[in-house]
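Here is how the chains run, residue by residue.
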2 protein chains.
Amino acid sequence: MDKIDKMKAAILIKHRALVQLKNALQEMNPADIAQLLGELMGQGDDFGEKELTLIFRVLSKELAAETFAYMDSDLQMILINAFSDRELKAVIDELFLDDTVDIIEEMPANVVSRILKNTDPDRRKQINELLNYPEDSAGSIMTTEFVFFHKGDTVKEAIDRVRSIGLVKETVYTCYVTEQRQLVGTVTLLDLLVADDDKIVEELTDTNVICVGTHEDQESVAHTFAKYDLPALPVVDTENRIVGIITYDDVIDVIREENTEDISVMNAVVPNEDSYLKTGVFKHVKSRIGWLLVLMISATFTGLITNHFEAQIAALPLLVSFISMLTDTGGNCGSQSSAMIIQGMAMDEIHLKDFWKVLFKELRIALVCSFILAVVNFVRIVLIYRNEEGILMIATAVCVALVATVCLAKVIGCILPMVAKKIHVDPAVMSAPLVTTIVDCGSTLIYFSVATHLLDF
Amino acid sequence: MDKIDKMKAAILIKHRALVQLKNALQEMNPADIAQLLGELMGQGDDFGEKELTLIFRVLSKELAAETFAYMDSDLQMILINAFSDRELKAVIDELFLDDTVDIIEEMPANVVSRILKNTDPDRRKQINELLNYPEDSAGSIMTTEFVFFHKGDTVKEAIDRVRSIGLVKETVYTCYVTEQRQLVGTVTLLDLLVADDDKIVEELTDTNVICVGTHEDQESVAHTFAKYDLPALPVVDTENRIVGIITYDDVIDVIREENTEDISVMNAVVPNEDSYLKTGVFKHVKSRIGWLLVLMISATFTGLITNHFEAQIAALPLLVSFISMLTDTGGNCGSQSSAMIIQGMAMDEIHLKDFWKVLFKELRIALVCSFILAVVNFVRIVLIYRNEEGILMIATAVCVALVATVCLAKVIGCILPMVAKKIHVDPAVMSAPLVTTIVDCGSTLIYFSVATHLLDF
C-alpha cells in the first residue's frame, strides 16, 4: 500500500507523469482519492479544473465511478461539465442508483437534465421514482438494486441468480423472497450456500421480516436498524410490495447527519447540510440570526422585571451582583435536564407516557442539587462579602432564590421537550438557549420577590 | 406476523398457557421479545422472576440466546441466577463472543466467574483476551469470530470452509486472507462465488485493505467505517496479524453512544452509560452537580465586576435591565460557535490547521450578526423606554456593548474547542455552559465600562 500524498501527487501532475500517477492511484481506496483531489483543488495554484479532469481520466472505469461517488458536489460538477456525453454515461452507468440520486439532488437543473439524458430509459425511470420521495423519507435513501427470488425457486436457481447479477447489486448477502411482488421474507446467501441445491427457497425463508414503508422518516429507519442489528432493511409500498432496500452504510450516514442536526438545533442554529468551512459568511449568519433575534427580544421580559424593582436596586446595588450567578445556574440546570430528556427521547428510552415519572425524578434531582448549591453558595457569599452590612440576610435571600430557581429550571427543562414532542415539534428546539431565556425571567422574578420580602424594602 | 402484545402475553403467562405463548413468541424477533420481557418486568404485579424464567425456557435454544443478548443487564442477571449450569452453558455457547464479553462487563464478579466456569477453555481464553483491551478501544468492541483463508487456498476450499463454519461466525461475506497469520487482504464471498472453483484465493484478494489497531479509539473506528462504507473492519495487532473484526452493527452502537456522550458533555453533564429512567436520583445528581458547582463559583467573577460598578448602578438602576439581555445574547452567540466547531471537528471537517480560517470566519459572522442585533435592539429599547431620560445615550451604550459582546463570544466560542483539541481535552467540554460563564464575565465588564464612558459617571 504505497499511498501517495498531496505533495507527491502535485509533483506528478505538474510533470504530467501520468503513468506513475495511474499506478499510484490504482492502489488507493476511492474515498482517499476523492479526499486527495478535494485537497488539491482547495490549494488552488497549480491545480485547477484541467488537472482534476486529467487525473480523473487516468483512473480505471470502475475506480473512477467509485471515486466520483465519494467526491464533494462542487468537484462532481466540474467533472460533469468537462465530460463528453460518453464519459458521463460511463460513470453514471457504474454508479449505484442511490448514489446517482444523491448526486442529482445536489446539481442545478441543466446538469440534471444532462445526466438523465445520458441514462438508460429503465434507469431513468427508477431515478425519477426515487427523486419523487419526500426528503429524508425511507424512499429517498433506499436503492432499488437488490436481489430477490420467487418463493418457488430452487436453491440452485437462486445461487445462479446471485452469481449472474450480484456484482451490480448493492448487497447480495441478504436476499428477498417475493410472491407476486409482495415481500414474504428474507433468505441469506449463507443459508443458500449450506442448503442442498434442489431445496425450495421458501423452506429457507425467514418470514419474520422487519421492513419499513417508503414514507417513513429516516430517523425512525435508523432506530429500526439499531434495534434489530440489520445489514439491510427492505422498503415496501402501501401494498407490501418490496420497492427497495436501505443498507447499513446509508444508515450510518443518516445517524451522523441527524446527530449534527440535533446539535445545531440544540444550540439555536438552523441546521445546514453543507460543511462549516464551505458555507459562506452570510449563509452562516442566516442560520444563526433568527434564533438570536427571537431570544434577544424575549429577554425584554427579564429586563422589564428588573426595571420593576428599580427602587430595591437603587437602595441595595449589591443585589445585582448575584443576578448572573442565579440566572447562569438556572440556565445550566435547565439545559442539563432538557439535554437528558431530548436525548432520552431520541434514543427511544423515554416516552411520553413516562411524563410524570420524569417530572418527579427531575424534581427530586433538583432538590438535592439545589440544596448542595445553596450551602456552598451561602458560604461563598458570606466569605467574600463579610464586610457588607446585613450580608447574612442577603445570602439567605440569594440561597432561597437559588433553590427555587433550580427547581423551576429542572421542571421547565424536562416539561418543554416532552410538550414539544406531544405537539410534533422537534424536541431539540426546547434546549439550552430557549430554556435559559425562560428560566432567566422566572429566576429574576423569584429573586427580587424573595429579596423584597426578606430584606424589608 | 401475529405479534403478541404486553397485555396478551401477561394473560397467557398468568394462565400458564405455555404452548400458545411459545407459538406466539417463536414468530417474533428476539429484539422485540427482549423489549416485551423488559416491559413486563417493569410492570411488577403479576410478573416476577419466576414468570421471566418460565417464558425464557419455552423459547427455542437459538432464539433464547439471541433474546438474551438483547436484554438489559438486570434481566440477564435474574436469568443467570435462575439457570442451572447446563442452561447457562447452552445460552453462552450460542452467543457471539463479543456479546458474551459485553454481558460479562456488566456483571458482578461472582456471576462472571460462574459464566467463565461454564465456558469451554478455548472460548474462555478468547474472552479473557478481549476483556483485557482498554475500554472503548477497537479491541474491546471487536469479535474474534471471523473467517480467514490462506492465500494459497483454492476457491473451492474457501467456499467449503465458509459452508462448514460460516454459521457460527459473525460475518462470512467479507473474509480475510492471511499469510503466516499476517493480514494480506480481503475477499468477498460474492467474488468467490463467481470465480472458478480451482482459482487461487490470492488472485481474487483485494490487497488495498483498511484496518485498525487493537488500541485505536472506537470513535476513530467509527470515522473509518463512515469514510469507507465498510461492512466490517479487520483489527490487527502491532505485528499486522489479524486478531478480530468489528462489524457495522457494533459501529452503529458506538456512533449512537458517542453522540449521547457528546450531548451530555456539551450540557455540563458527566456522561453515564445507563438509561435515564434506570439511573437513580443520586447518580443523576452526581453526574450534574460537579459542573454546576464549578460554573456557579466561576460566576463569582461576574458578581465582583458588577459589585465594582455599584456607584453607577445606584445612580442609574435602569442599566441593570439590560444585563441579562446582553449576557444571554453573548452566551447564545458563543454556544452557536462552539457547537459548530465542536461538531465540525467531530465530523472531521474542521482541523487544527484551519484555526485562522475559522477565527476569521467567526469574526466576520460576528460583525454581521451583531450589527443586525444592535439595530433591532436600539429600536426596541427606544420604543419601550421612550419616557426615560437620556434613553438615546443609554441605548447607544447598550448597543456598542452588544457588538463587542457578540464578537467576544464568537471568538471565545471558536477558540476554546480548538485549544481543547490541541491539548487533548474533549472539545465538547468547551461548549455552551463554560463559554457562557466566561462570556458573562467579559460582557459585564464591557457593558459597564462602555456605560461609564458614554454616560459620564
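Residues numbered from 1 in each chain as written. Chains lettered and ligands numbered in written order. Predicted model: local features only at pLDDT ≥ 70, side-chain atom pairs only at ≥ 80, totals over all residues.

Turning our eyes to something else, we now look at the overall build of chain A. If you tally the helices and strands in chain A, you get 22 helices and 6 strands. Taken against the 2.2 N^0.38 rule, which gives 23 Å for 457 residues, the C-alpha radius of gyration of chain A at 30 Å runs more than 25% over that of a compact globule. Across its three principal directions, the C-alpha atoms of chain A cover 90 × 60 × 40 Å. Burial status across chain A gives 45% buried among its 457 residues. A separation threshold of at least 6 residues defines the contact pool for chain A, and within that pool the share at least 24 residues apart is 71%. (Helix = DSSP H or I, 4+ residues; strand = E, 2+ residues; numbered from the N terminus. Rg over C-alpha atoms; globule rule 2.2 N^0.38 Å. Buried ≥ 20, exposed ≤ 12 C-beta atoms within 10 Å, placed from the backbone. Contact = placed C-beta atoms within 7 Å.)

What follows covers the interface of chain B and chain A. Each side of the interface is counted separately: chain B has 100 residues, and chain A has 100 residues. Looking at which element gives the most residues to the side of chain B that touches chain A, the answer is helix H17 (residues 281-308) of chain B, with 16 residues. Residues that form the side of chain B that touches chain A fall into these classes: 56 nonpolar, 27 polar and 17 charged. (Nonpolar A, V, L, I, M, F, W, Y, C, P; charged D, E, K, R; others polar.)

A few words now on unusual backbone geometry. Located in the positive-phi region is Arg181 of chain A, a residue other than glycine, with phi close to 70°. Relative to the helices and strands, Arg181 of chain A resides in the loop between strand E2 (171-179) and strand E3 (182-188). Notably, Ala268 of chain B is not glycine yet its phi reads approximately 65°, a positive angle. Taking the number of C-beta atoms within 10 Å as the measure of exposure, Ala268 of chain B has 27 and is therefore buried.

Note on the identical chains: chain B maps onto chain A by a rotation of 180° and an axial translation of 0.0 Å, with an RMSD of 0.1 Å. Between the two chains, the operation in question is that of a two-fold axis. Minimal C-alpha separation from the rotation axis in chain B is found for Ala314 of chain B, amounting to 2.2 Å. In this assembly, 100% of the residues forming the interface of chain B have copies in chain A that are likewise at the interface, indicating an isologous arrangement. (Least-squares fit on C-alpha atoms with pLDDT ≥ 70 in both.)

On to the domain arrangement of chain A. Domain assignment breaks chain A into domain 1 (6-131), domain 2 (141-265) and domain 3 (281-454). Its C-alpha centre places domain 2 of chain A at a distance of 48 Å from the equivalent point of domain 3 of chain A. (Domains from an automatic or database assignment.)

To continue, consider the pairing of strand E1 (residues 146-150) of chain B. All names here are of chain B. Here E1 runs beside strand E2 (residues 171-179); their pairing, made up of 4 bridges, is parallel. Along E2, the bridge assignment pairs Phe148 with Tyr176. In this fold, the crossover linking E1 to E2 by way of helix H12 (residues 155-165) has right-handed handedness. (Pairing = 2+ DSSP bridges. Right-handed = clockwise from strand over helix to strand, strands pointing away.)

Our next topic: helix H21 (residues 391-422) of chain A. Here H21 of chain A contains 32 residues, and its C-alpha end-to-end distance of 46 Å stays within 8% of the 46 Å for a straight helix at 1.5 Å per residue. Backbone geometry just downstream of H21 of chain A places His424 of chain A in the positive-phi region, at approximately 60°. (Expected span 1.5 Å × (residues − 1).)

As a further point, take the confidence of the model for chain A. Should pLDDT be low for a region, the predicted coordinates there are not to be read in detail. Overall, the prediction assigns chain A a mean pLDDT of 88, with 99% of residues at 70 or greater. Model confidence for the complex: the whole-complex pTM is 0.82, and ipTM, which rates the interface, is 0.81. (pLDDT = per-residue confidence, 0-100.)

Mapped onto the fold, Ala397 of chain A is located in helix H21. Using a count of 22 C-beta atoms within 10 Å as the deciding quantity, one classes Ala397 of chain A as buried.

Residue and element names in this part refer to chain A. Spatially, 3 strands are ordered E4-E5-E6 in an open sheet, and the strand pairing comes out mixed. Across the chains shown, the open sheet's two edge strands, defined by having one partner strand only, are strand E4 (212-213) and strand E6 (242-247). The pairing of E4 with strand E5 (residues 232-236) spans 2 bridges and is parallel. Bridge pairing in E5 links Val212 to Val235. Helix H15 (residues 218-228) rests against E4, E5 and E6 of the sheet, and its axis sits at about 135° to E5. Of the strands in this sheet, E5 and E6 are in contact with helix H16 (residues 248-266), which crosses E6 at around 65°. (Axes fitted to C-alpha atoms, helices over the stretch in contact; angles between N-to-C directions.)

This part is about the sheet that holds strand E5 (residues 232-236) of chain B. Residue and element names in this part refer to chain B. Read across the sheet, 3 strands follow the order E4-E5-E6 without closing on themselves; strand pairing throughout is mixed. A strand with exactly one partner marks an edge of an open sheet, and here the two such strands are strand E4 (212-213) and strand E6 (242-247). For E5 and E6, the ladder comprises 5 bridges, and the chain directions are antiparallel. Bridge pairing in E6 places Val235 opposite Gly244. Against the sheet, helix H15 (residues 218-228) contacts E4, E5 and E6, and its axis sits at roughly 135° relative to E5. The strands touched by helix H16 (residues 248-266) within the sheet are E5 and E6, with E6 carrying the most contacts at an inclination of about 65°.

This next bit is on the environment of Leu434 of chain A. Mapped onto the elements, Leu434 of chain A comes out in helix H22 (residues 432-454). Along the chain, Leu434 of chain A and Met266 of chain A lie 168 residues apart, while their C-alpha atoms are 9.1 Å from each other.

The next point concerns the packing of helix H17 (residues 281-308) of chain A against H22 of chain A. Residues and elements named next belong to chain A. As a packed pair, H17 and H22 sit with axes 9 Å apart at the nearest point and diverge in direction by 5°. As summarised for this structure, H17 and H22 are arranged roughly parallel, according to the angle between their axes. Of H22, the residues touching H17 (which contributes Trp291, Leu295, Ser298, Ala299, Phe301, Thr302, Ile305 and Thr306) are Pro433, Thr437, Asp440, Cys441, Thr444 and Leu445. (Parallel < 35°, antiparallel > 145°, perpendicular 65-115°, else oblique.)

A few words now on the packing of helix H19 (residues 323-346) of chain A against H17 of chain B. Across the interface, H19 of chain A lies against H17 of chain B with an axial gap of 9 Å and an inter-helix angle of 155°. As the angle between them shows, H19 of chain A and H17 of chain B are arranged roughly antiparallel. The element H19 of chain A and its partner H17 of chain B pack so that their crossing is right-handed. Along its contact with H19 of chain A, which presents Ser324, Met325, Asp328, Thr329, Asn332, Cys333 and Gln336 of chain A, the element H17 of chain B presents Arg288, Leu292, Leu295, Met296, Ala299, Thr302 and Gly303 of chain B. Grouping the amino acids of the contact of H19 of chain A with H17 of chain B by side-chain chemistry returns 6 nonpolar, 6 polar and 2 charged. (Left-handed = near helix turned anticlockwise from the far one by under 90°.)

What follows is about the nonpolar core. Ranked by size, the top nonpolar core spans 128 residues in total, and within it Val398 and Ala401 of chain A together with Val398 and Ala401 of chain B carry the most contacts. One finds Ala158 of chain A together with Tyr176, Phe225 and Leu233 of chain B within the second-largest nonpolar core, a separate group that totals 77 residues. (Core = buried A, V, L, I, M, F, W, Y, C linked by C-beta atoms within 7 Å.)

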